[in-house]
Amino acid sequence: MTTLPQAQAFPIQLPEVYPADQIPWDTIPSPAFVLDESRLRRNLSLISQVQDLSGAQIIVAFKGFSMFSAFPWLREYGISGATASSLNEALLAKQELRGEVHVYAPAYSDAEFPQLMELADHLSFNSFSQWERFKPQVMAARAAGKQVGIGIRINPEYAEVETDLYNPAGPFSRLGVTRSNFRPELLDGVDGLHFHTLCEKDADTLERTLEVVERNFGEFLPQMQWVNFGGGHLMTREGYDTDRLIRVVRAFREKWQVEVILEPGSAFGWGTGWLVSSVLDVVENGKQIALLDVSVSAHMPDVLEMPYRPNVLGAGRAGELAHDYLLGGTTCLAGDVIDEYSFDHALTVGERVVFDDMIHYTMVKTTFFNGVKHPDIGIWHQKGEYQIVREFGYDQFRAKLS
Ligand SMILES: Cc1ncc(COP(=O)(O)O)c(C=O)c1O
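Remember, predicted model here, so these are calculated numbers, not experimental data. (Residues numbered from 1 in each chain as written. Predicted model: local features only at pLDDT ≥ 70, side-chain atom pairs only at ≥ 80, totals over all residues. Heavy atoms only, no water.)

K.L.:
Looking at this model, I keep getting lost on the overall build of the protein chain. Mind explaining?
P.N.:
Counting secondary structure elements, the protein chain contains 11 helices and 18 strands. Against the compact-globule benchmark of 21 Å for 402 residues, the protein chain has a radius of gyration of 23 Å, which places it among compact chains. With the principal axes as the frame, the protein chain shows a C-alpha extent of 65 × 55 × 40 Å. Here the protein chain holds 402 residues, and the buried ones make up 53% of them. Of all intrachain contacts in the protein chain linking residues separated by at least 6 positions in sequence, the fraction that spans at least 24 positions is 71%. Distance from the positive charge centre (34 side chains) to the negative charge centre (53 side chains) of the protein chain: 5 Å. (Helix = DSSP H or I, 4+ residues; strand = E, 2+ residues; numbered from the N terminus. Rg over C-alpha atoms; globule rule 2.2 N^0.38 Å. Buried < 20%, exposed > 50% of the residue type's maximum accessible area, 1.4 Å probe, protein only. Contact = heavy atoms within 4.5 Å. Lys, Arg positive; Asp, Glu negative; His and termini not counted. Charge placed at Lys NZ, Arg CZ, Asp CG, Glu CD.)

Pasting the structure below:
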């Protein structure tokens, strides 16, 4: 593909963030997910500069980040829409973000489709069979004046994702249409293509993916108005090559004369806050074990799914500092253990243990397993004040059951 000269650079200015070591953690009621306004603003500032410089529309994937009390800031930085993967998320996009609603789900039901159509500005189908099934409704809505972009999700059969759980282009994937299943004769009424094959990736992966997309689906691009590059563009991670992303998007837009949409989730919430927990007990069974008022399976399930080891403020790996502890949760699941950490002092009941980077893919995935106390949702404001925006109690736990 044609890219602009490698030398072209697009400097991005970022605001300062609130120093984490100046936050009085002991004063924050535990447990709590704490979003840091200054860190979110830094991410939003970067994303909006990339949006302006690249000409792509960057929308937020609710599956990764849908903390709606923060949406006024998203609007302030020019985030004009969201991608919803369900009717509930589409309703949230309409009611809370109040921007464009893009919808993609692996399959739509007859029961929900009419309402989704009403809400959607863009709607992508995962298969031609679903497109054929719902096309009459789309065409009827368009005839009645509804403006809705229709896309087909393609599967480029190329991904650089190491974990099978997160690889949408792996063998037997149900996500997107492969080239051999692509039905050009059914493209009437379709104005966009959608692909999503990245997961926490840099722009070089996107560039290589686009080469495959162009090779396999390039013949259909001239008839498209837009291409959605999905999510997984971790542009707010330190070291991400934003210059390259901007060059790649600009070149693609110019070459194919299409609008480009990016729909990251993680990039919005990346590094924007913490899960504050406190020690309930310390027991000994071959190792020192600290029991915390949070649960890995109920409150940070990606730690088990991915899996990964979250950072804890002020702690090191086992053996690095004087006192080692296994950190465990409050459910009775035997595996509700986060990992082994070391601290420079002996942990005491009541003291705070703060997990880093716990905003994206946490609140959206939590459960009330075992009925354990669900963490509050709070905001650390950049003027140095803490606000609890949501507390959970018996009513919320009960409302999920019957
Ligand atoms: C279709 C689609 N778009 C966007 C995203 C958001 O990806 P990320 O949060 O990695 O940026 C996902 C994540 O699974 C997805 O499946």
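K.L.:
Looking at this structure, I do not really get the packing of helix α1 (residues 37-54) against helix α7 (residues 242-256). What am I missing?
P.N.:
Working note: a packed helix pair is described by the angle between its axes plus the distance between those axes. Interhelical geometry of α1 versus α7 gives an angle of 35° and a closest axis separation of 9 Å. In this structure, α1 meets α7 at a crossing whose hand is right-handed. In contact with L46, V50, L53 and S54 of α1, α7 contributes T242, L245, I246, V249, R250 and R253. Split by residue class, the contact of α1 with α7 holds 6 nonpolar, 2 polar and 2 charged. (Axes fitted to C-alpha atoms, helices over the stretch in contact; angles between N-to-C directions. Left-handed = near helix turned anticlockwise from the far one by under 90°. Nonpolar A, V, L, I, M, F, W, Y, C, P; charged D, E, K, R; others polar.)

K.L.:
It is not clear to me how the nonpolar core should be interpreted in this structure. Could you clarify?
P.N.:
Note that soluble globular proteins tend to have their nonpolar side chains buried in a common cluster. Grouped together as the largest cluster of nonpolar side chains are 103 residues, with contacts concentrated most on L327 and F355. Here this core takes 6 residues from α7, the largest share from any one element. Residue-level mapping places this core at the junction of two domains, with at least three residues from each of domain 1 (55-269) and domain 2 (273-358 + 366-399). With residues up to four places along the chain from it excluded, the contact list for L327 reads A290, L292, V312, V337, I338, D339, Y341, F343, L347, V353 and F355. Y18, I23, W274 and W380 belong to the second largest nonpolar core, which has 11 residues in total. (Core = buried A, V, L, I, M, F, W, Y, C linked by side-chain atoms within 4.5 Å. Domains from an automatic or database assignment.)

K.L.:
Sorry, what's going on with the UniProt feature "domain: Orn/DAP/Arg decarboxylase 2 C-terminal" (unreviewed entry) in the protein chain here?
P.N.:
Sequence positions flagged by UniProt for "domain: Orn/DAP/Arg decarboxylase 2 C-terminal" (unreviewed entry) are, in local numbering, residues 271-358. Segment residues 271-358 splits into 9% helix and 42% strand. End C-alpha atoms: 8 Å apart. (UniProt positions renumbered as here; feature names shortened; annotations may be inferred.)

K.L.:
What's the story with the packing of aromatic side chains in this structure? I'm lost.
P.N.:
Remark: the centre distance and the inter-plane angle together describe each pair of aromatic rings, the angle taken between the planes. Counted under the stated rule, the structure contains 19 aromatic pairs. Judged by centre distance (6.4 Å) and plane angle (50°), the ring pair of F252 and W256 falls under tilted. With F252 and W256 both in helix α7, this residue pair falls 4 residues apart, about one helical turn. The class of W256 is buried, set by a relative accessible area of 18%. Ring-pair connections join several aromatic residues into one group, and the members of that group are Y108, F113, F125, W131 and F134. (Phe/Tyr/Trp six-rings, centres within 6.5 Å; stacked < 30°, edge-to-face > 60°.)

K.L.:
Explanation requested: the pairing of strand β1 (residues 32-36) in the structure shown.
P.N.:
Working note: regular strand, side chains alternate between the two faces of the sheet. Within β1, 5 of the 5 residues are buried, leaving the element largely enclosed by the surrounding structure. Burial along β1 is two-sided: A32, V34 and D36 and F33 and L35, pointing in opposite directions, are all buried. Bridge count between β1 and strand β17 (residues 376-380): 5 bridges; the pairing is parallel. Bridging from a neighbouring strand, L35 pairs with I379 of β17. In this structure, β1 lies alongside strand β11 (residues 273-284), joined through 4 bridges in antiparallel fashion. Paired with V34 across the bridge in β11 is W274. (Pairing = 2+ DSSP bridges.)

K.L.:
I tried to follow unusual backbone geometry on my own but got confused; where do I start?
P.N.:
Most peptide bonds take the trans configuration, and most residues that are not glycine carry a negative phi. Of note, the amide linkage connecting S30 to P31 takes the cis form, showing an omega dihedral of 0°. For the peptide bond that leads from M306 to P307, omega is -20°, which places it in the cis range. Within the secondary structure layout, P307 lies in the loop between α10 (302-305) and β13 (316-317). Look at N370: it is not a glycine, yet its phi comes out positive at around 65°. Within the secondary structure layout, N370 lies in the loop between β16 (352-356) and β17.

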